[in-house]
Amino acid sequence: MAVPKGKVSKARRDKRKANWKLEVPGMVKCPVCGELKLPHRACAKCGDYKGKTVIAVSEEK
C-alpha cells in the first residue's frame, strides 16, 4: 500500500487550496433596459430575450 513518507505541513497543504476562489459571473447589459443580466438568459427586469418579450413582467409600485 502507498503510505506517505512524512507529515505534510500546514503551509504546504494550504498552498494547494490557495487557488480555490469564487469568480463573479460574466454580466452583460440588457439592450432594452440597460440592466445587468447573465448572458443567454431573459432579462428579469423587462422580460426581453433576443429582442422579443418572452416573460410578462408586472410593474410593482
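Above this text is the structure in question.
Residues numbered from 1 in each chain as written. Predicted model: local features only at pLDDT ≥ 70, side-chain atom pairs only at ≥ 80, totals over all residues. Heavy atoms only, no water.

(A) Structural view of a nonpolar patch on the surface. Among the surface-exposed residues, Met27, Leu36 and Leu38 lie close enough to one another that they form a single nonpolar patch of about 270 Å² accessible area. Among the secondary structure elements, Met27 is positioned in the loop between α1 (10-16) and β1 (28-29). Owing to a relative accessible area of 42%, Met27 belongs among the partly exposed residues under this scheme. (Patch = residues over 30% accessible without salt bridge, like charges linked within 9 Å, V, L, I, M, F, W, Y side chains within 5 Å. Areas by Shrake-Rupley, 256 points an atom, 1.4 Å probe, with all protein chains shown as cover. Salt bridge = Lys/Arg side-chain N within 4 Å of Asp/Glu carboxyl O. Helix = DSSP H or I, 4+ residues; strand = E, 2+ residues; numbered from the N terminus. Buried < 20%, exposed > 50% of the residue type's maximum accessible area, 1.4 Å probe, protein only.)

(B) Local environment of the side chain of Lys37. In this fold, Lys37 is placed in strand β2 (residues 36-37). Asp48 is the oppositely charged side chain nearest to the buried, salt-bridge-free Lys37, at an N-O distance of 9.9 Å. At a separation of 3.0 Å, a polar atom in the side chain of Lys37 contacts the main-chain carbonyl oxygen of Arg41. Discounting residues that sit within four places of it in the chain, Lys37 has contacts with Gly26, Met27, Val28, Cys30 and Cys43. (Lys, Arg positive; Asp, Glu negative; His and termini not counted. Polar contact = N/O pair within 3.5 Å; in protein donor to acceptor, adjacent residues only side chain to side chain. Contact = heavy atoms within 4.5 Å.)

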